[in-house]
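Each chain is listed here by its residues.
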Amino acid sequence: MTTDTQRTKASILRSLTADGSVLVLPNAWDAASALQIVAAGARAIATTSAGVAWALGRNDGQGMTRELAVDAVGRITASVDVPVSADIEGGYGPAPEDVAETVRSVVGAGAVGINLEDSQAPGGPLFDTADQAARIRAAREAAAAAGLPDLVINARTDVFLFGIGEEAGRLEDVAKRAAAFAEAGADSLFVPGLLDLAVIAELVARSALPVNIMAGPGAPGVDELRKAGVRRVSVGSAIPQAVYGLAKKAAAEILSRGTYTALDDAEDFGNLNAFPPR
């Protein structure tokens, strides 16, 4: 069961978008990245399943087991004092009870929020609206039974990310999903793959839920997204992609030229080594 501290963190996470402000969530994938993100000023942490999977030598898209994902969440929640929202991909199983078991597990690991996507596999297909609503409802009921009724459920739909259906009908599809997801107990709508500010603004106006957008290089800035009505901005796998890109670049420089300039901006060893005792 949950503790008073965990319930307080859930209330804090919920409050960070309650006043209409934009919650910015640079995504973490392990304890060190979470600590660095908090040190940079983040008020909450969201995990990235891709980063977690890559660090374990697995593929994103439920290439991990539930146990591996929960273990990573537990390491992150144990390392930081801010609220943590766990990316649980598709719930590690198709049935509502699979989702419920995953929610019970990540709540037990200290998470106070989740992302739950409607993709059955990378690229699709998606769960239909009614089936995904049932899975969200199972997540809400599992959290309440575990003593965390305020778990923040960020319901992700991959209609735009994977180009599901005719382009002209995607906004309508997402708006209908938002209404069903809200009724099932979701708190926000996560729409990766959508970066057109005009379409975002229209979705904000039509959505029954506050909208979360996945940004990154080439995307509109946070202030532009705020003006379009977005309430939550995350960057998905962009930070671990940058980190692993740097690892490849630095290694190639060392191996080919014997120099180290790619490492000029490396974090101080002492800062990284100063993990707080837990």
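Keep in mind the model is a prediction, meaning the values are calculated, not measured.

So, how was this worked out
Residues numbered from 1 in each chain as written. Predicted model: local features only at pLDDT ≥ 70, side-chain atom pairs only at ≥ 80, totals over all residues. Heavy atoms only, no water. Salt bridge = Lys/Arg side-chain N within 4 Å of Asp/Glu carboxyl O. Helix = DSSP H or I, 4+ residues; strand = E, 2+ residues; numbered from the N terminus. Buried < 20%, exposed > 50% of the residue type's maximum accessible area, 1.4 Å probe, protein only. Phe/Tyr/Trp six-rings, centres within 6.5 Å; stacked < 30°, edge-to-face > 60°. Lys NZ or Arg CZ within 6 Å of the ring centre and 35° of its normal. Expected span 1.5 Å × (residues − 1). Arc of directions from axis to C-beta. Contact = heavy atoms within 4.5 Å. Axes fitted to C-alpha atoms, helices over the stretch in contact; angles between N-to-C directions. Parallel < 35°, antiparallel > 145°, perpendicular 65-115°, else oblique. Left-handed = near helix turned anticlockwise from the far one by under 90°.

Kindly report on the pattern of salt bridges, identifying the contributing residues and their values.
As enumerated under the stated definition, the model contains 16 salt bridges in all. Here Arg75 and Asp71 are joined by a salt bridge, their closest N and O atoms 3.0 Å apart. On the criterion of helical spacing, the pair formed by Arg75 and Asp71 is a turn pair, its members being four residues apart in helix α4 (residues 66–79). Judged by its relative accessible area of 56%, Arg75 falls in the exposed class.

Can you lay out the packing of aromatic side chains for me, pointing to particular residues and giving the numbers?
Under the definition given, this model contains one aromatic pair. An angle of 55° between the planes, with centres 6.4 Å apart, marks the rings of Trp29 and Tyr244 as tilted. Taken together, the residues Trp29 in the loop between β2 (27–28) and α2 (31–39) and Tyr244 in helix α10 (residues 238–257) connect sequence positions 215 residues apart. Assessed through its relative accessible area of 10%, Trp29 is described here as buried. Its relative accessible area of 34% is what places Tyr244 among the partly exposed residues. Just above the ring of Phe127 sits the side chain of Arg135; from NZ or CZ to the centre is 4.0 Å.

Could you give an account of unusual backbone geometry, naming the residues involved and the relevant values?
Look at the link from Gly124 to Pro125: it is a cis peptide, with omega at 5°. Its place among the elements puts Pro125 in the loop between β5 (113–117) and α6 (129–145). The phi dihedral of Gln62 falls on the positive side, at around 60°, and the residue is not glycine. Tracing the sequence through the fold places Gln62 in the loop between α3 (49–55) and α4. Despite not being glycine, Glu89 has its phi angle at roughly 50°, a positive value. Tracing the sequence through the fold places Glu89 in the loop between β4 (84–87) and α5 (96–108). What makes Glu89 buried here is its relative accessible area of 1%.

Lay out helix α1 (residues 4–15) with the relevant residues and their values.
Its twelve residues place the ends of α1 16 Å apart at the C-alpha level, agreeing with the 16 Å of an ideal helix rising 1.5 Å per residue. Regarding α1, the residues found buried are Gln6, Lys9, Ala10 and Leu13. Taken around the axis of α1, the buried residues stretch over an arc of 105°, which confines them to a single face. Tucked into the core, α1 has its buried residues touching β1 (23–25), β4, α5, β5 and β6 (152–156).

I'd like a rundown of the environment of Tyr260, residues and numbers included.
Position of Tyr260 relative to the elements: it lies in the loop between α10 and α11 (269–272). Overall, the relative accessible area of 54% leaves Tyr260 in the exposed class. Separated by 62 residues in sequence, Tyr260 and Ala198 have C-alpha atoms that sit 44 Å apart. Ignoring any residue separated from it by four or fewer positions in sequence, one finds Tyr260 in contact with Glu253 and Ile254.

I'd like to hear about the packing of α6 against helix α7 (residues 170–184), residue by residue, with values.
Interhelical geometry of α6 versus α7 gives an angle of 30° and a closest axis separation of 8 Å. Between α6 and α7, the interaxial angle falls into the category roughly parallel. Both α6 and α7 take part in a crossing whose hand is right-handed. The segment α6 lies against α7, with Thr129, Gln132, Ala133, Ile136, Arg137 and Arg140 engaging Lys176, Arg177, Ala180, Phe181 and Ala184.

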